[in-house]
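# Observations on the three-dimensional arrangement
Each chain, written out:
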Amino acid sequence: MSENLRIKSSQYIDETTRISFKFNGTTYYGFKGDTLASALLANNVHLVGRSFKYHRPRGIMTSGSEEPNAIVQINPNTNRTEPNVRATEVEIYEGMEASSQNCWPSVNFDIGGINNFLSPLLPAGFYYKTFMWPARFWGKYEYFIRHSAGLGKSPMLKDPDIYDHRNIHCDVLVVGAGISGILAAKNAAKNNYKTLLLDEKNELGGSTIYENNESNKIDNKNSSEWLKKEIEELKNIKNLEIKTRTSVAAYHQYNYLLARENLTDHLEKKDKTNKIRQRLLKIRAKKVILATGALERPMVFNNNDRPGIMLSSAIKKYSDFYGVACGRKIVFFTNNDSAYENALSLNDKGIKVEAIVDIRKQSKTNLEKRVIDAGVKIYWEHTVVDTSGYKRLNNVSIMKLSNDGTSVTGNKISISCDCLGVAGGWTPAVHLCTQSGSKLAFDEDKKIFIPNKNNSDQISVGSCCGDFKLDEILKNLNEKLKDFLDITKTDFENITFNNDQEISKRNIWLLPSDKALGKTRPFVDYQNDATAKDIKLALREGFRSIEHVKRYTTIGMGTDQGKLGNMHALGIIADTAGVKIGELGTTTFRPPYTPLTFGTIVGRNVGKFFDIFRRTPMNDWHVEQKAEFENVGQWKRAWYYPINGETMHQAVQRESKAARESSGILDASTLGKIDIQGSDASEFLNRVYTNAWSKLGIGKCRYGLMLNEDGMVYDDGVTTRLGENHYLMTTTTGGAANVLGKLEDYLQTEWPELDVYLTSVTDQFATASLCGPNSKKILKKIIPDLDLSDENFPHMSFKEAKVENIVCRIMRISFTGEQSFEINVQASYGKDLWEKCIEAGKEFNITPYGTETMHLLRAEKGFIIVGQDTDGTMTPIDLQMDWIVSKKKYDFIGKRSLYRSDTIREDRKQLVGLLTDDPKVVLEEGAQIVSELNKNPVEMLGHVTSSYFSPNLNKSIALAVVRGGKDMIGKKLFIPMEDKTINVTVSNPVFFDQTNERLNA
Amino acid sequence: MFVINCPYCGERDQQEFKAGGEAHIERPKQPTELSDDEWAEYLFMRKNIKGVQYERWNHAHGCRKWFNMVRDTSNDEIKAIYKMGEKPPSI
Ligand SMILES: [Zn+2]
């Protein structure tokens, strides 16, 4: 394990800072600036994982986010563990641990490897075909699949890190800081566009930054040298913000992009603490320049997946950027010139290049001559037909290609090597472009999909739009920028290039072997182990649509979204089906481009910030009294106040009795409050409520029921007339925002002629609701000079008064059936008011009660709760509330619907009371109701909506909606439960004080 | 996520808005004169076009104003925005 393939000092790697890390339990060393992949390769470790289906040994293939094989679990079994991390992206730091994912018990001895030998039994669609039948065996299959299909392990411990979100607005966003992106950003910023430049790597410059070959010169300088100067100049440009280690995950419509900025993943543990780990950038850009580059594609040939077989460009990056040789004897296999440059570059560094195998016909060019001069043998018109070496490549076999490229001839030549660089041409990274909704066109000459057209707010530049040669890139970039940025010239208009000319072109999607296809393993999608055979099988089985073939073969369905293999899949389908690729269309790339952590997505919205909550001004008092809370919409409401270890049932029984026997107090601050003013306020209320409002006197209160236009109950509450043209409406706690929205809708769109203004005042007032036979005495103590006599201050009326110096609005209204006073004060005095009431009420055993007791007390009175006893299908008639529906009014919201054929049916579900035959048995809310036993199937007549044990009646009571229930009073019904059947009798829904005597007692 | 140009506030993120369904469906002035079918037509029938659609939107977390929008539902391109009561542009 002490092998060292570090070739020479690289300026991008800090060789003075040695870093130790562990991979699969073994300690290795790398340098600051290494990725996990480059550090492993420097230690001559290629084997990093097993493939998903066949468990074949797999090695590092690429140097970037397209990596299909080198997918690891970082820091396993710690609170910072992360699965599915690409070793080619993650930077090493002191103490980092990583392990292979899809292998058990170890990457070197993998039990699932048996699948490799069973592979004839595991064709495309295998999982669909086999594990679906018989259905009852699914549980067994699932166990087997889950055990062997190791896609990493989810973290089980609490994430210790902080995540953040940031909104950014900019004029120009440039994605990708290769040569095109840098020049684009520079020229945008220099022309007064507020510009943001992002790159997923930690260094700017893309692949040009380590480009030193002789055949790509700008202004007679090495392109890397030239670009470094440009990057240096970026520092002095205003209007330009640059973010590295930042990858764009999604590009949505209207130039809305999401990017992940990685801030601490490359730092060692002690430096991660208390820092933001990753930040989600939510970017709105006026213009977007995509300079996302191109991904090199491999080639599809027999056994093209062994550890040691890599992309040619990756070998170059490892040697030129990281200073790492990927092997000691390297062979290139190519269909284009780039492998020649790479061979020369390696040769310069003293790395042995055995041969170049080229599928093209020979061309006498300068490039060829330089390679031959360097002592590298070229095999023209040859293809690799097989490879060998189980855990590491040791040999490739090549043969001569036939003219049409579909078969091989002649003798097999064997070349010993430990690394094969495959150069199959370039695929523009158009993922973000298509995510944005832009369309692609297929370039039959270059065999690539390119962005179809540029538009006013987005362009693609550089190799992501199919320009691969430096002169081509820069010339087109110049023209595009001038047009897109509306400028007359760029700062690189006059540069000069020298480019070698290209040899020739040849592209074969599936390379032939001397063996029949059925006996070969030409992988197309490495991550999902799908081969060319699988594609052909899918076509034979009748699949035609690319989307169907993709799902059947699983090609492109992995975490890499088929970045490497999609083009080959299309090419093979097109060739087999005899159509053009352009006619097939490409598959849709969906966000995210690279996976995001959940932490980044949720940002700060974790723990108590997960959801917004609202607290009343009295909240601290409830907390001090150790109340239990419940969520009502966004509100935290006191639920009940247990004393001395009471259960909820005990507390609620005590609170309910106290409220009826002496006095109770409820924090009602959460009720929605809408201030309504204007000369047409009364008319407005006439139109929105079912009952009449014009004759309500000033200082009086009235209960109102609001319907939807379909006649169904929407909300309810008491509204008070404060003045001639002034009302205060209350709504349900949960419905406040929607009611306001609905009322605004009618005012603005249907009745703009009405002079009415609505203002939400929910948060401006705190409300203490004092109830019970002694409530009047308590209120008298607080406001001695207010006349509380029934004559002066009757039920359903309003007074304004002062508690000491604080103005309060008092409504004598009741949701419990007891005498009640709702005292409203400015919110900031809420707790003070509350404490005064408690103090004054001490001698009357004033008992604070929560929402549960409130619900019980109102159920004793048969008062509905909208949303509990109704569900959007109940009319007022269904609720037996005919009394509140005005017959005289010409119109109100929902009126017409109350006599549609459906709403006048007699057998609609109607609100009734239910009494259990055994008064001790409390029904379950939601329980279904039937009229017959021993019938199967039996009709469900309805269900229980509210159910309590009433301490004041000493029996169980329930509200329910029952089909035709109105006419069933006294009828026996049944509630079948899991273990028993409960017998009930239908009753009037008002259980307590049916004549309302207590309100004025 | 679109950017919507509220006619009262200017450009804001879609998050601040609520969609309110098809535009230019007027509530009948005399609902009681309508047959069940006519009322149902107003109450339930809404178009769901792939292409240019006239819609109501509300700046719910802003000025609370309702306005109209012409949107191509196939690509979410907003073709026009105009105030309530204004004549719909022909597109
Ligand atoms: Zn607005």
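Residues numbered from 1 in each chain as written. Chains lettered and ligands numbered in written order. Predicted model: local features only at pLDDT ≥ 70, side-chain atom pairs only at ≥ 80, totals over all residues. Heavy atoms only, no water.

### Side note on the overall build of chain A
Of the regular secondary structure elements, chain A holds 24 helices and 50 strands. Taken over C-alpha atoms, the radius of gyration comes to 38 Å for chain A, far larger than the 30 Å a tight globule of 1001 residues would show. If one aligns the C-alpha atoms of chain A with their principal axes, the spans along those axes are about 115 × 70 × 55 Å. Counting the 1001 residues in chain A, one finds 60% classified as buried. Considering chain A, the positive charge centre built from 130 side chains and the negative charge centre built from 125 side chains are found 3 Å apart. (Helix = DSSP H or I, 4+ residues; strand = E, 2+ residues; numbered from the N terminus. Rg over C-alpha atoms; globule rule 2.2 N^0.38 Å. Buried < 20%, exposed > 50% of the residue type's maximum accessible area, 1.4 Å probe, protein only. Lys, Arg positive; Asp, Glu negative; His and termini not counted. Charge placed at Lys NZ, Arg CZ, Asp CG, Glu CD.)

### Let's talk about the overall build of chain B
Looking only at helices and strands, chain B has 1 helix and 6 strands in total. When the helices and strands of chain B are read in sequence order from the N terminus, they spell out β-β-β-α-β-β-β. Its C-alpha atoms give chain B principal-axis dimensions of roughly 45 × 30 × 25 Å. Relative to its full complement of 91 residues, chain B shows a buried share of 37%. In chain B, 45% of the contacts between residues at least 6 apart in sequence involve partners at least 24 apart. Carbon together with sulfur atoms contributes 45% to the accessible area of chain B, which is approximately 5,300 Å² in total. On chain B, the mean spot of the 14 positive side-chain charges and the mean spot of the 15 negative ones are 5 Å from each other. (Contact = heavy atoms within 4.5 Å. Areas by Shrake-Rupley, 256 points an atom, 1.4 Å probe, with all protein chains shown as cover.)

### Things to note about the coordination of the zinc ion
Residues and elements named next belong to chain B. Listed as protein donors to the zinc ion are Cys6 (SG), Cys9 (SG), His59 (ND1) and Cys63 (SG); their distances from the metal cover 2.0 to 2.3 Å. For the zinc ion, the 4 donor atoms are set out with angles of 104 to 114° between them, so the coordination reads as tetrahedral. Sequence spacing of the donor residues for the zinc ion, all on one chain, is C-x2-C-x49-H-x3-C. (Donors = N, O, S within 2.8 Å, 3.2 Å for Na, K, Ca; no water. Tetrahedral: all angles 85-135°; square planar, octahedral: opposite > 155°, others 65-115°.)

### Regarding the interface of chain A and chain B
How big an interface is tends to be stated in terms of accessible area lost as the parts join. Chain A puts 28 residues into the contact, and the matching count from chain B is 29 residues. When the area that chain A buries against chain B is broken down by residue, the three leading residues are Tyr254, Tyr890 and Arg896 of chain A, summing to 27%. Here Asp745 of chain A and Arg56 of chain B are joined by a salt bridge, their closest N and O atoms 2.7 Å apart. Our enumeration of links across chain A and chain B arrives at 23 residue pairs in polar contact (both at pLDDT 80 or more). A total of 9 residues in the side of chain A that touches chain B trace back to one element, the largest contributor, which is helix α21 (residues 736-750) of chain A. Tallied by class, residues from the side of chain A that touches chain B come to 10 nonpolar, 8 polar and 10 charged. (Buried area = accessible area lost by both parts, 1.4 Å probe. Salt bridge = Lys/Arg side-chain N within 4 Å of Asp/Glu carboxyl O. Polar contact = N/O pair within 3.5 Å; in protein donor to acceptor, adjacent residues only side chain to side chain. Nonpolar A, V, L, I, M, F, W, Y, C, P; charged D, E, K, R; others polar.)

### Re helix α24 (residues 851-860) of chain A
Residues and elements named next belong to chain A. Counted residue by residue, α24 has 10 buried out of 10 residues, so it is predominantly covered. For α24, the secondary structure elements touched by its buried residues are β32 (628-632), β33 (635-640), α19 (648-661), β34 (664-667), β47 (942-950) and β48 (955-963). At the C-terminal side of α24, Gly862 shows a positive phi close to 70°.

### Some words on the sheet that holds strand β46 (residues 928-929) of chain A
All names here are of chain A. On the basis of which strands lie adjacent, the open sheet formed by 6 strands has the order β46-β47-β48-β45-β50-β49 and antiparallel pairing. Every other strand in the sheet has two partners, leaving β46 and β49 (972-976) as the edge strands with one partner each. With 2 bridges connecting them, β46 and β47 associate as antiparallel partners. If you follow Gln928 over to β47, its bridge partner there is His943. (Pairing = 2+ DSSP bridges.)

### Things to note about the pairing of strand β13 (residues 246-252) of chain A
In regular strands, side chains alternate between the two faces of the sheet. The buried fraction of β13 of chain A amounts to 6 of the 7 residues, a majority that puts the element mostly inside the structure. Hairpin connection of β13 of chain A to strand β14 (residues 256-262) of chain A: 3 residues between the antiparallel strands, including Tyr254 of chain A at a positive phi of 60°.

### A short note on the side chain of His266 of chain A
Residues and elements named next belong to chain A. Along the chain, His266 turns up in the loop between β14 and α7 (269-272). Within polar-contact distance, the side chain of His266 engages the side chain of Arg245 at 3.3 Å. Discounting residues that sit within four places of it in the chain, His266 has contacts with Glu91, Ile92, Tyr93 and Arg245.

### Notes on the pattern of salt bridges
Residue and element names in this part refer to chain A. Applying the stated criterion to the full structure yields 74 salt bridges over all chains. We note a salt bridge from Lys657 to Glu661, for which the minimum N-O separation is 3.4 Å. Of the two residues, Lys657 and Glu661 are both situated in helix α19; the distance of 4 residues between them amounts to about one turn of the helix. Glu661 gets classed as exposed once you look at its relative accessible area, which sits at 52%. When the shortest N-O distance is used, the salt bridge between Lys831 and Glu835 registers 3.5 Å. In this pair, Lys831 and Glu835 are both assigned in helix α23 (residues 830-841), 4 residues apart and thus about one turn of the helix distant. Each of Asp164, Arg166, Glu241, Lys243, Glu261, Arg279 and Arg604 takes part in salt bridges that share partners, so that together they form one network.

### Brief notes about the domain arrangement of chain A
Split by domain assignment, chain A resolves into domain 1 (162-291 + 469-498), domain 2 (297-422 + 506-584) and domain 3 (864-1000). Computed from C-alpha coordinates alone, the two centres of domain 1 of chain A and domain 3 of chain A are separated by 66 Å. (Domains from an automatic or database assignment.)

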